[in-house]
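Architecture at a glance
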Amino acid sequence: MSDGPLVLGIETSCDETGVGIVRGHTLLADAVASSVDEHARFGGVVPEVASRAHLEAMVPTIERACETAGISLHDVDAIAVTSGPGLVGALLVGVASAKALALGLGKPLYGVNHLAAHVAVDQLEHGPLPEPCLALLVSGGHSSLLRVEDVTVGVDPLGATIDDAAGEAFDKVARLLGLPFPGGPHIDRAAASGSSVAIDFPRGLTSRKDVERHRFDFSFSGLKTAVARWVEAQQRLGTPIDVADVAASFQEAVCDVLVRKAFDAAQFHGIDDILIGGGVAANSRLRAMATERAEARGIRVRVPRPGLCTDNGAMVAALGAELVTRGRAPSALDLPADSSQPITTVVA
Amino acid sequence: MLLSFDTATPLVSVALHDGHEVVAERPSDHPMKHGEQLAPLIASVLADAGVVRQDLTAIAVGVGPGPFTGLRVGLVTARTLAHVLDIPVYGVCSLDVIAVEAVDTGTVRGEFMVATDARRKEVYVATYDEQGRRTDGPHVVKPAAAATALPVAGDGARLYAEAFPHAVAPNRPSAGWLARVVTEERAVLLDPDPLYLRRPDAVENAHRKPVLPGA
Ligand SMILES: [Zn+2]
């Protein structure tokens with residue numbers, strides 16, 4: 001057993017009820033209950049459905065995590081919880097539960113930033129974070145490039161999406177192709193048998209003019225529209241749509257932009273380590289492309305395993321453990337859930 | 001030592017009952033923000049009464065009906081705290097708490113109703129006998145559909161005077177009365193499950209707008 005504080009982390013910012021338990025950098029349990037199936041027929045996450053599911057899943061998921069970790073709740077040194085950003089009604093369930101744990105156990109409470117937790121989770125897999133490192137966070141809710149000096153203190157935003165998040169583009173294109181929600185894993189699977197160069201889809205904000213203003217920003221709305229127009233044109237011609245080719249070409253366009261901009265930002269800021277996180281980091285093409293290009297450039301790339309990339313409680317616990325280790329001050333009991341908590345606020 | 005709280009209305013209310021009487025009670029100062037106010041209020045009533053968390057033997061929680069977001073804050077707090085402390089948790093319909101207070105404080109005699117604000121121009125309503133036992137409801141309805149000349153407790157009566165001309169106190173459930181209701185078993189004790197009475201607002205995929213503008 002390794003050293004470090006024993007921390008329980010709760011994550012309810014979207015549709016996953018996650019409870020993780022870590023000791024320092026060691027993962028002991030990562031219990032997740034997902035309401036994704038309940039959202040599938042709506043083609044996206046319905047906040048009220050998610051909030052109801054969080055309430056039902058909360059205590060059973062805490063119990064399951066403790067059982068897996070082989071600990072009693074009374075053993076934990078601190079409670080960490082995502083206080084934002086996210087869906088406010090969903091966040092509130094996790095925050096209230098975390099406060100009840102802190103009150104009932106007499107232990108400190110840390111309300112933490114969801115994005116910083118996506119960065120900190122990699123410590124569970126690859127050890128201490130390089131300082132500084134460049135983080136590319138991509139999911140259904142966010143697409144950001146961040147400079148991370150000390151994840152417990154603050155995170156510098158370098159760029160972000162100016163319209164859709166990358167994961168949102170996956171969901172919308174999946175819907176166009178008649179693939180189920182959530183789109184990411186289905187596009188990834190369909191793309192495996194397609195050609196990534198079959199269709200030349202646009203790479204957003206990469207033209208010289210755009211790069212002047214939005215060098216490290218992303219845009220996926222134009223790409224999504226381009227795919228829709230292409231599918232519509234084929235339908236008008238009566239040509240059957242090759243789902244695998246469209247999926248592969250679309251995926252290539254998204255990954256190309258993400259990786260290209262991450263490497264450009266790393267070079268610009270003189271950083272040798274890139275960390276990729278968030279649900280889209282589970283995409284096999286993104287992982288492969290980043291690794292390939294890293295070797296050629298002498299840059300190190302770290303990507304947690306797919307299960308730790310999607311939203312989970314372990315990432316919150318990992319950040320909590322780092323906060324305790326570095327002696328950061330805990331949150332007050334009147335901690336709010338902040339749907340738009342800025343990336344610069346690591347502990348609320 | 002019973003800890004009780006209700007988050008089914010805009011105001012949060014927390015109390016402690018020692019088996020004989022309410023020994024501490026605190027209402028929130030500002031409406032809404034249940035998530036921010038509930039835990040500090042619990043810490044405050046414990047301090048007020050000079051007891052520690054290990055002294056708690058049961059939890060009582062209002063299960064609504066009421067606005068969902070606040071309701072869930074109360075319920076997840078009750079469930080989690082009961083789990084950590086390994087003590088039982090009892091749910092009570094929040095309208096029943098208003099009803100028992102109305103009977104015991106003499107604002108009603110005979111049959112009466114309780115109506116609270118359900119927003120969207122609707123009310124949550126239930127009907128009670130002279131002892132404060134629920135005989136019908138709770139339902140969520142337009143005020144006109146539940147209009148009555150009977151005495152009506154709850155803030156719904158004040159909001160919709162045309163439908164409920166005979167408004168009486170109290171306006172909302174208090175945690176002190178919730179604790180009395182549970183200690184004296186004056187209402188049906190329920191599991192700590194929310195009384196939503198409404199399905200989630202959601203539009204099925206087929207009716208969503210297409211990805212292409214104008215398509
Ligand atoms: Zn996320």
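Note: the structure precedes this text.
Our subject in this report is the structure included herewith. (Residues numbered from 1 in each chain as written. Chains lettered and ligands numbered in written order. Predicted model: local features only at pLDDT ≥ 70, side-chain atom pairs only at ≥ 80, totals over all residues. Heavy atoms only, no water.)

The subject of this paragraph is the packing of helix α3 (residues 88-105) of chain A against helix α2 (residues 68-85) of chain B. In contact at an axis separation of 8 Å, α3 of chain A and α2 of chain B are set at 35 degrees when each is read in the N-to-C sense. Regarding α3 of chain A and α2 of chain B, the two cross each other, and that crossing is right-handed. Counted together, Leu 92, Val 93, Ala 96, Ser 97, Ala 100, Leu 101, Leu 103, Gly 104 and Leu 105 of chain A of α3 of chain A and Thr 69, Arg 72, Val 73, Val 76, Thr 77, Thr 80, Leu 81, Val 84 and Leu 85 of chain B of α2 of chain B form the full contact between these two elements. Residue composition of the contact of α3 of chain A with α2 of chain B, by class: 12 nonpolar, five polar and one charged. (Axes fitted to C-alpha atoms, helices over the stretch in contact; angles between N-to-C directions. Helix = DSSP H or I, 4+ residues; strand = E, 2+ residues; numbered from the N terminus. Left-handed = near helix turned anticlockwise from the far one by under 90°. Contact = heavy atoms within 4.5 Å. Nonpolar A, V, L, I, M, F, W, Y, C, P; charged D, E, K, R; others polar.)

Attention now moves to the pattern of salt bridges. Residues and elements named next belong to chain A. Tallied over the entire structure, the rule returns 29 salt bridges over all chains. Ionic pairing is found between Asp 264 and Arg 215, a salt bridge with its closest N-O pair at 2.8 Å. Of this pair, Asp 264 sits in helix α10 (residues 243-268) while Arg 215 sits in the loop between α8 (208-214) and α9 (221-237), and the two are 49 residues apart along the sequence. For Arg 215, a relative accessible area of 32% gives the class partly exposed. Among the ionic pairs, Arg 260 bridges to Asp 256, the shortest N-O distance being 2.7 Å. Of this pair, Arg 260 and Asp 256 are both found in helix α10, four residues apart, which corresponds to roughly one turn of the helix. (Salt bridge = Lys/Arg side-chain N within 4 Å of Asp/Glu carboxyl O. Buried < 20%, exposed > 50% of the residue type's maximum accessible area, 1.4 Å probe, protein only.)

A word on the interface of chain A and chain B. Counting residues at the interface gives 40 residues for chain A and 35 residues for chain B. Buried surface at the junction of chain A and chain B, summed over both partners, amounts to about 3300 Å²; 66% is from carbon and sulfur atoms. The tally of links from chain A across to chain B stands at two salt bridges. Between Arg 79 of chain B and Glu 56 of chain A there is a salt bridge, and its shortest N-O distance comes to 3.3 Å. Linking chain A with chain B are nine residue pairs in polar contact (both at pLDDT 80 or more), by the criterion used here. Residue composition of the side of chain A that touches chain B, by class: 21 nonpolar, seven polar and 12 charged. (Buried area = accessible area lost by both parts, 1.4 Å probe. Polar contact = N/O pair within 3.5 Å; in protein donor to acceptor, adjacent residues only side chain to side chain.)

Before going further, it helps to examine the sheet that holds strand β8 (residues 154-160) of chain A. Residue and element names in this part refer to chain A. Strand order in this open sheet of five strands is β8-β7-β6-β9-β10, and the pairing throughout is mixed. Pairing within the sheet leaves two strands with one partner each, and these edge strands are β8 and β10 (300-302). Taking the axes of each pair of neighbouring strands and ignoring which way they run, one obtains an average angle of 25 degrees across the sheet. As paired elements, strand β7 (residues 143-150) and β8 share six bridges and run antiparallel to each other. Across the sheet, residue Val 148 finds its bridge partner in β8, namely Val 155. (Pairing = 2+ DSSP bridges.)

In this structure, Pro 85 of chain A follows Gly 84 of chain A across a cis peptide bond, with omega equal to -10 degrees. Take Pro 85 of chain A: it is sitting in the loop between β4 (78-84) and α3. The linkage connecting Ala 169 of chain B with the following residue, Pro 170 of chain B, adopts the cis geometry, with an omega of -5 degrees. Residue position: Pro 170 of chain B is located in the loop between β10 (167-168) and α5 (175-183). Phi is positive for Lys 121 of chain B, close to 60 degrees, though the residue is something other than glycine. One non-glycine residue, Leu 197 of chain B, lies in the positive phi region at around 65 degrees. Of note, Leu 197 of chain B is situated in the segment after α5. Judged by relative accessible area, Leu 197 of chain B falls into the partly exposed class, the value being 35%.

Keep in mind that these numbers describe shape and distance, not what the molecule does.
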